[in-house]
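For reference, the chains in residue letters:
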Amino acid sequence: MNSPGLLTLIQLASGLVFAIPLAIIGVEFLGGGQPLLGLGFLSLAAVMLVLPEYLTRKVGGPRDWIRRRLPGRSREE
């Protein structure tokens with residue numbers, strides 16, 4: 001089994017940095033009797049958790065960026 005790469009760890013860390021505070025706020029709202037705001041913050045936390053990986057897949061990783069910048073090295077060839 002391969003260990004995760006550096007880009008995967010960076011994606012995970014950036015997702016957690018944004019998702020954990022939003023999840024804590026959501027749990028506090030749920031405990032405080034405001035379920036609509038609590039569920040809203042929890043759903044926003046879930047989106048923020050997967051957003052970095054989605055953007056990397058959509059835009060491409062560093063290898064794709066380098067391939068686009070180098071002349072004569074495109075995917076179409």
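Rules and cut-offs
- Residues numbered from 1 in each chain as written.
- Predicted model: local features only at pLDDT ≥ 70, side-chain atom pairs only at ≥ 80, totals over all residues.
- Heavy atoms only, no water.
- Helix = DSSP H or I, 4+ residues; strand = E, 2+ residues; numbered from the N terminus.
- Expected span 1.5 Å × (residues − 1).
- Buried < 20%, exposed > 50% of the residue type's maximum accessible area, 1.4 Å probe, protein only.
- Contact = heavy atoms within 4.5 Å.
- Patch = residues over 30% accessible without salt bridge, like charges linked within 9 Å, V, L, I, M, F, W, Y side chains within 5 Å.
- Areas by Shrake-Rupley, 256 points an atom, 1.4 Å probe, with all protein chains shown as cover.
- Salt bridge = Lys/Arg side-chain N within 4 Å of Asp/Glu carboxyl O.

A. Looking closely at helix H1 (residues 6-31). With 26 residues, H1 extends 37 Å from end C-alpha to end C-alpha; this agrees with the ideal 38 Å at 1.5 Å per step. Among the residues making up H1, those that are buried are Gln 11, Gly 15, Ala 19, Leu 22 and Gly 26. Buried residues along H1 sit against helix H2 (35-59). Residue Gly 33 follows H1 closely and has a positive phi angle near 95 degrees.

B. Representation of a nonpolar patch on the surface within the structure. There is a patch of nonpolar side chains on the surface, built from Leu 12, Leu 16, Ile 20, Ile 24, Leu 49 and Val 50 and spanning about 520 Å² of accessible area. When contributions to the nonpolar patch are tallied by element, the ones reaching two or more residues are H1 and H2. It is H1 that provides the largest number of residues to the nonpolar patch, a total of four residues. Here Leu 16 lies in helix H1.

C. Local environment of the pattern of salt bridges. Scanning the entire structure with this criterion turns up one salt bridge. Between Arg 57 and Glu 53 there is a salt bridge, with its nearest N and O atoms 2.8 Å apart. A residue pair is termed a helical-turn pair when its members lie 3 or 4 positions apart in one helix, as Arg 57 and Glu 53 do in helix H2 at four residues. When its relative accessible area of 66% is taken as the criterion, Arg 57 is described as exposed.

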